[in-house]
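Listed here are the chains, written in short residue letters.
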Amino acid sequence: MERNVVYSAVQPSGIPTIGNYIGSVRNWLALQEEYACYFAMANMHAITVRHDPALLRRRTLELCALYIACGIDPEKCTLYVQSQVPQHAELCWTLNSVAYVGEMERMTQFKDKSRKHEDNINMGLMDYPVLMAADILLYQTDLVPVGQDQTQHVEIARDIAIRFNNRYGETFRVPKTLVYKQGAKICSLQDPTKKMSKSDENPNACVFMTDDRDTIIRKFKRAVTDSGSEINFSEDKPGISNLLSIYCAFKNRTAEEAEREFEGMGYGDFKLCVGETVADALAPVQAEQTRILADKEYLSGVLARGAEQAFRAARKTLDKVYRKIGFYRGE
Ligand code: ATP
Ligand code: LTN
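Cut-offs applied
- Residues numbered from 1 in each chain as written.
- Chains lettered and ligands numbered in written order.
- Predicted model: local features only at pLDDT ≥ 70, side-chain atom pairs only at ≥ 80, totals over all residues.
- Heavy atoms only, no water.
- Near = heavy atom within 4 Å.
- Polar contact = N/O pair within 3.5 Å; in protein donor to acceptor, adjacent residues only side chain to side chain.
- Areas by Shrake-Rupley, 256 points an atom, 1.4 Å probe, with all protein chains shown as cover.
- Helix = DSSP H or I, 4+ residues; strand = E, 2+ residues; numbered from the N terminus.
- Disulfide = S-S within 2.5 Å.
- Buried < 20%, exposed > 50% of the residue type's maximum accessible area, 1.4 Å probe, protein only.
- Phe/Tyr/Trp six-rings, centres within 6.5 Å; stacked < 30°, edge-to-face > 60°.
- Core = buried A, V, L, I, M, F, W, Y, C linked by side-chain atoms within 4.5 Å.
- Contact = heavy atoms within 4.5 Å.

**Quick notes on the site of ligand 1**
Point 1. Taken together, 21 residues lie around ligand 1, and Asp149, Ile186, Lys195, Ser197 and Ser199 are the ones closest in.
Point 2. Within the backbone of Gly19, a nitrogen or oxygen atom sits 3.3 Å from a nitrogen atom of ligand 1.
Point 3. Side-chain polar atom of Asp149 to an oxygen atom of ligand 1: 2.5 Å apart, as the coordinates give it.
Point 4. Against a free-state accessible area of 610 Å², the protein chains account for coverage of 96% of ligand 1.

**Concerning unusual backbone geometry**
Point 1. Positioned with a positive phi, Gln140 is a non-glycine residue whose angle comes to about 50°.
Point 2. Here Gln140 is to be found in the loop between α7 (123-138) and β4 (143-145).
Point 3. Here Asn252, not a glycine, exhibits a phi torsion of approximately 55°, which is positive.
Point 4. Its place among the elements puts Asn252 in the loop between α10 (238-251) and α11 (255-261).

**Quick notes on the state of the cysteines**
Point 1. Summed over the entire model, instances satisfying the criterion amount to zero disulfides.
Point 2. Of all cysteine sulfurs, the one in Cys64 lies closest to Cys70, which takes part in no disulfide; the gap is 11 Å.
Point 3. Relative accessible area serves as the criterion here: at 10%, Cys70 is assigned to the buried category.

**Section: the packing of aromatic side chains**
Point 1. Tallied over the entire structure, the rule returns eleven aromatic pairs.
Point 2. By the ring-pair criterion, three or more aromatic residues cluster together here, those being Tyr7, Tyr38, Tyr80 and Tyr139.

**Topic: the site of ligand 2**
Point 1. Lining the immediate environment of ligand 2, one finds 13 residues, of which His45, Tyr128, Met132, Asp135 and Gln150 sit closest.
Point 2. Taking Gln11, its side chain carries an N or O atom lying 3.5 Å from a nitrogen atom of ligand 2.
Point 3. In the environment of ligand 2, a nitrogen atom lies 2.6 Å from a nitrogen or oxygen atom belonging to the side chain of Asp135.
Point 4. A total of 360 Å² of accessible area belongs to ligand 2 in isolation, and the protein chains cover 92% of it.
Point 5. Taken together, the elements giving at least two residues each to the shell around ligand 2 come down to β1 (5-10) and α7.
Point 6. Considering every element that reaches the shell around ligand 2, the biggest residue donor is α7, with four residues.

**Considerations on the nonpolar core**
Point 1. Within the largest apolar cluster, 57 residues are counted, with the highest numbers of intra-cluster contacts made by Ile18, Phe39, Tyr67, Leu79, Phe220, Ile246 and Val278.
Point 2. Discounting residues that sit within four places of it in the chain, Phe220 has contacts with Ile18, Leu189, Val207, Leu243, Ile246, Lys271, Val274, Gly275 and Val278.
Point 3. Ranked by size, the runner-up nonpolar core spans 42 residues in total, among them Tyr139, Ile160, Phe164 and Phe172.

Bear in mind that shape data such as this cannot, by itself, settle questions of function.
The structure is reproduced here in structure tokens:
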């Protein structure tokens, strides 16, 4: 029996944060046991903001090593670099004629990034969701696990798939979003009403997956908390709730269990405890990432195999798309 398909990606646009880990990679671990999973390094998405080419290349490999260090198994899933599969760009161009400018302009991420990069509102930034739709639809995906911030983009991918199918006949499977309740939005340690983002200008706002123990503990000690003294999940305690979410994710605790553990503890000790938990959890992942990165031959082998597997699946869908849309394909 054919397994259902899962697709997700992370941009190699910086050093991944614990937000990326909790909201995405961590959730992929169980999925790879059950589904046909495609996980990509979305480097074509990463050039929609100004970047350093040498750094992009390095970050792509670092991200791949991190995936594997976190437990993503290249024997069980397809791990590849987006730009190595040309069908992504080809399908994106085709879908550009199905997607509307108006719906792209309404995307929250486009509006945020346009504000942030006023001097570089390029076409790629606006087209970002169409490329993402191409990523997803190329593999006839059933499920797309993402953090809260990406749900609007998956929604657009669904709309585009349905529109294409209606116009040209059944071509794409219509994917579903998979958002995990716990940890879907990890927030900034400095402003817990904002999402933790790897491109935040304040280095104390996020914990990077490569931060050393002292840095991690220092960042947690400085984390903004709320008034009051109780440690519980509550809407009027965004700082404490965020720290609790991080703790639950790294310790595999339910909300109730964590609240019970910290009953009666002061904020200072609580922050130290969360910091130590995160540092303990990241140490082995970091060591493993360093080891994998040093093994260039292994890494390039994994990526070559991944690109080949992805290419085969993507070509099948793109052939169908070109047939449906009326592109001449030789007689
Ligand atoms: P950037 O700051 O460069 O825009 P980002 O940190 O938002 O990047 P992405 O590469 O856009 O990260 O996201 C990769 C994955 O991680 C997505 O599934 C996204 O939903 C998830 N993710 C990112 N930030 C968080 C967060 N703070 N909490 C939970 N999930 C997150
Ligand atoms: N835009 C996503 C990364 C991404 C993605 C995808 C996620 C690119 N293509 C396809 C899921 C499915 C982000 O996390 N910023």
